[in-house]
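Summary of the model geometry
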Amino acid sequence: MEISIIALPLIASIISGFFGKFIGDRNSEIITSLLVSISAIFSILVLYEVIANQYEENLLIAKWISSGSLEVNWSMKIDSLSAVMLVVVTSVSALVHIYSIGYMSHDPHKPRFMAYLSLFTFAMLMLVTSDNFIQLFFGWEGVGLCSYFLIGFWFKKDSANKAAIKAFVVNRVGDFGFALGIFLIFYLFGTVNYSEVFQQISTITDKNLTFLGIEINAIDLICLLLFVGAMGKSAQILLHTWLPDAMEGPTPVSALIHAATMVTAGVFLVVRCSPIYEYSEFALNIITTVGMSTAFFAATVALVQNDIKKIIAYSTCSQLGYMFFAAGVGAYNVAMFHLFTHAFFKALLFLGSGSVIHAFKDEQNINNMGGVWKKLPYTYAMMIIGTLALTGFPFLSGFYSKDAIIEFAYLRGNTTGYYAAGIGIFTAFLTSIYSWRLIFKTFHGSYNNKIVKIDETHESPIVMLVPLALLSIGAIFAGLFFKELFIGSVGSANFWGDSIFFLKPLSADHPPLWFLLLTPILVILSIPLAYYLFVKNRNLPEQIADINKPLYQFLINKWYFDELYDVLFVKSSKKFGLFLWKFFDLKIIDGFGPDGISSLIKKFSVKANKFQSGYIYQYAFVMLIGFSALLTFLIVK
Amino acid sequence: MNFPILSSLILLPSIGALFLFFTKSTKNNNVTIKYVALFTSIVNFLLSIYLWILFDKSTSEFQFVEQRIWIQDFINYKVGVDGISILFILLTTFITPLCIISVNNSIKKRLSEFLIAVLIMESFMIGVFCSLDLVVFYLFFEAGLIPMFLIIGIWGGARRVYSAFKFFLYTLLGSVLMLVAIITIYFLNGTTDVVELYKSGIDIKYQNLLWLAFFSSFAVKTPMWPVHTWLPDAHVEAPTAGSVLLAAILLKMAGYGFIRFSLGLFPAASEIFTPLIYTLSVIAIIFTSFIALMQEDMKKLIAYSSVAHMGYVTLGIFTIQQQGIEGSIIQMISHGLVAAALFLCVGVVYDRMHSRLINTYGGIVSIIPKYSVLFMLFTLAALGLPGTSGFVGEFLILMGVFKDNFLVAVIASLGVIIGAAYMLWLYKRVVFGKLINTDLKQMIDLNRSELFILSCLAIPTLFFGFYPDPLINTIEVSISDLIDQYNFKLAGKI
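Residues numbered from 1 in each chain as written. Chains lettered and ligands numbered in written order. Predicted model: local features only at pLDDT ≥ 70, side-chain atom pairs only at ≥ 80, totals over all residues. Heavy atoms only, no water.

**Focus: the pairing of strand 1 (residues 57-67) of chain A**
Residue and element names in this part refer to chain A. Of the pairings in the sheet, the one linking strand 1 to strand 2 (residues 70-78) comprises 9 bridges and is antiparallel in character. Looking at strand 2, one finds that Ser67 is bridged to Leu70. In sequence, strand 1 turns back onto strand 2 through a hairpin of 2 residues, with Gly68 there showing a positive phi of about 60 degrees. (Pairing = 2+ DSSP bridges. Helix = DSSP H or I, 4+ residues; strand = E, 2+ residues; numbered from the N terminus.)

Here it is in structure tokens:
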């Protein structure tokens, strides 16, 4: 059963990808959805086993690479951590599969789309169930590949192709760090299996390495290199630029890959490697800093964006930042909890926005929407649920997980912790503002679309609404139900067992009451504020933007990261390549090498040619000179 | 085993070529000619598989050794295989029939002469990979140039003469020094028998110069930076089948030579010159990757990427680590499959549109979907995606290098990023996007033989990506013994 969780999506993908033409669109949709759903049910059973009976298993599937001391197997590791991920991945994936049947109904390439989705699910499952770093890397690049395929799914759109390549290459930058981290682990421990590495980690805490004259602690270096990989995949600041562009893909893809599953792989990596990270205070502080910077940065950008999907994309970026800073303050279980709840409400928001886009016939600009909440009642209701959950409205799932992150940051008790908590609260407020801005601009106010008439907008079909409904159940109750299990002071230690390692136990204290109430109050207050700004007095935001023109430009251009990178990397790489080719290879190497030598020989032979003029007197003259030279030489000698 | 299996492998293609030589090439019997050539090469392939099955993987001794006196007290014709050579023989016998199948689309004139050149070349290549005498090795090594020279010079494109001469002069220049070195070795040790030289070792006083002489030949053939500029020109002008042979097999001779001779005979010198190799390899990886990024000609792009990939190979060999050398061999096998396939992919569109320029194409995915799928697969293998053979080689090499030198590993890993960029960008410009050039609409998808060839290359690319054990298993003992010998000799300074 365990292996079929992984195998079923692969089979689904092969069937739909290679035989989709023969079995037809509808059949490939049904087969892929069905097989992935079965896989989801099995995953839930496994999670149940893990919760009820502390079930743990490390299944060996086959040998992969064995070279010298390197032994890598295809394997499936089941513990609480991977079981949680299994459920998140397969259940969201199953719902997205079903939703896609409706969403992609007008697309001519349905089997291909379904095949990619299933293939992605397979790769993601390989990633989360690996018991070694190299299979993890396989899944890691595999999900990157599927993401590349799906972002560029509409292959005729140039922007989609560019975004796809950008996603892959930026991820490769992260993977570069990740791979070096794996090399370093292999160099230090002679193995890449989690359990063997984790066992030995405490023996090398004092080992230092020298690189380019800089001395650095070995564990710090491992942690940082792995984290570079995590930053790439989870779109953390500096390596985040691919995620907003990735919204070029169809919306179900954004929900599955760029919200619920793939982008959380980085968080998963850090949590999985908690036995390493616990020994590196330095790396944890870096993670916290990066996480909170991303959370803040992405939230500010989300405030001013007008593309409905880009707002949610930046919001995802921001929430991933929260997860990282939870991990950075050592609260790995809280990071996992937020990952878990976030999967539900963010997938819900994306799928909901897909439903809106569908209704407006592929319109994504929220300025061209508005006033349709009565026309799309179910979508509207479920988007509200998603928004409430995301902003952390009391007793919905985001409330439990996000507030816990801020609490644990506070309880960390050091400067980074307090700083992170402060930023966390402020970002929560920003999150609330931009989320409600999205809702109000999309559903309330006047109807602003000039192409589609209001009567033509319509609610989505049932096949799209059911997944939304199921996700909203998750968005409402996931926090309440799983709170004790994931982050409770008693239950959680039992549940996580050995899969998460704490060097010193998490603080069981509680922050002061005012602190606990601060975030929810801000979040609730922001609703009327947003309503005022974006419905009642719509001119006010524009006036604010006009007054603070430079700031507004800075935000709407996403802090100018893309422009900077374009100059720094893209353009300069091209120039460098051109220089090496046209100048170095052709002018210098060829010019002084083969071409130069051959032209030199030609010159010489032309000269030598002239010697053989055919005139006897010239030959006689040369002979005479030669003879006298020889004679002189003999006499002198 | 008295049956001279290796000699048969070497001779069989030549016998086939002889048959072709006496058959006149006319329009009518072109098919017959092709079948004769194909039959010969397939028999040879089966024979090499049989060899692989009989091969004893548990020992590093040379097996199936045959020895005949050629010139009394001077040269013996001696051949034999160990785990390292057998994979290259398999690669050669596997690629050749595919090449022969591919000719009906690309070779329009003098078919029988072309096939003779291909078969003769197969003979020579197999000879290179199993000769155990330096002189015999040298002869095969150099003779292999001649058919390639002819293939480029006769069946090539517009600038074929320039390219053929560039190719010939470059490669010959390096080899002259190797010949001198071989003669020197004969005077020093009184033999050119590789097995005996392994045992006796070569005087440390002469090793550096000898190493450099061998290096000059191997570096050109690999090709290493900065003597790589013949390769893009040769590839661009060569017909598809020629490019395939060149990329898949000819380039591997030098990698094989580095392992067999540079490491095996001159350990002390190899130790001294490792930094040189590292530097040149890293430069090759980074520089040629950037150059590949800017190419407008598909074949040139892949040629430059070959230089980068071979940079990884030389890097891995000189780590003298199990992972590094094994990675290098897998990388060579993988590159043999993938580069061959990529050149064939270029050939497919070239046969239809007669253009290799990237900007001719764009938006062909919906017109020729089968082609697009296979091309995508090989693109991914070329950029080293896990699950393809390219990943296993590259990753093992980098692991080996990392153990030896952090900085080199870091820089070499950067090549992986650029590799992804140039391959995906190539694919995007050729296959995706809007269809602008309306002539492309008439393109026909892969025909049966093209589909067959590319699938034949795709299957091992994927298979060895998921399960490289058959390869690693074959070379493991030979390589660990090579490393032991190397370290042993180094300790004793011979």
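Let's pick the thread back up.
**Section: the interface of chain B and chain A**
On the side of chain A, 52 residues touch chain B, which itself brings 60 residues to the contact. Interface of chain B and chain A: buried area, both sides summed, is about 5,200 Å²; carbon and sulfur atoms make up 76% of it. Connecting chain B to chain A are 2 salt bridges. The closest approach of N and O atoms between Lys428 of chain B and Asp158 of chain A, which form a salt bridge, is 3.3 Å. Within the residue set of the side of chain B that touches chain A, elements represented by two or more residues are helix 7 (160-189), helix 12 (267-293), helix 14 (322-353), helix 15 (369-382), helix 16 (389-404), helix 17 (406-431), helix 18 (448-466) and helix 19 (469-492) of chain B. In terms of residue count, the dominant contributor to the side of chain B that touches chain A is helix 17 of chain B (14 residues). Of the residues in the side of chain B that touches chain A, the class split is 40 nonpolar, 11 polar and 9 charged. (Contact = heavy atoms within 4.5 Å. Buried area = accessible area lost by both parts, 1.4 Å probe. Salt bridge = Lys/Arg side-chain N within 4 Å of Asp/Glu carboxyl O. Nonpolar A, V, L, I, M, F, W, Y, C, P; charged D, E, K, R; others polar.)

**Structural notes on the layout of surface pockets**
If you add up the space inside the second largest pocket, you get close to 1,300 Å³. Surrounding the second largest pocket, 35 residues form its lining, Lys166, Val169, Val170, Phe569 and Val570 of chain A being those nearest its centre. Put simply, the parts of the chain that give the lining of the second largest pocket at least two residues each are helix 6 (158-189), helix 8 (218-233) and helix 24 (561-592) of chain A together with helix 12 and helix 17 of chain B. Taken together, the residues of the lining of the second largest pocket sort by class into 22 nonpolar, 4 polar and 9 charged. (1 Å grid on protein atoms, 1.4 Å probe; cavity = no way out; pocket = protein on both sides within 12 Å on 5 of 7 lines; lining within 4 Å. Points joined across faces, edges and corners; volume = space filled by probe spheres on them.)

**Thoughts on the nonpolar core**
Judged by nonpolar contacts, the single largest core of 422 residues is most densely connected at Phe133, Tyr148 and Tyr277 of chain A together with Leu457 of chain B. Look past the residues within four positions of Tyr277 of chain A in its chain and what remains in contact with it is Cys223, Leu226, Phe227, Val270, Ala283, Leu284, Ile287 and Tyr332 of chain A. (Core = buried A, V, L, I, M, F, W, Y, C linked by side-chain atoms within 4.5 Å. Buried < 20%, exposed > 50% of the residue type's maximum accessible area, 1.4 Å probe, protein only.)

**Considering unusual backbone geometry**
A cis geometry characterises the amide bond from Thr222 of chain B onward to Pro223 of chain B, with omega recorded as -10 degrees. Inspection of the secondary structure puts Pro223 of chain B in the loop between helix 9 (204-221) and helix 10 (230-237). Geometrically, the link from Trp225 of chain B to Pro226 of chain B is a cis peptide bond, its omega value of 0 degrees lying close to zero. The backbone phi angle of Gln54 of chain A is positive, close to 50 degrees, even though this residue is not glycine. Within the secondary structure layout, Gln54 of chain A lies in the loop between helix 2 (25-53) and strand 1.

All quantities given are derived from atomic positions and should not be read as evidence of function.
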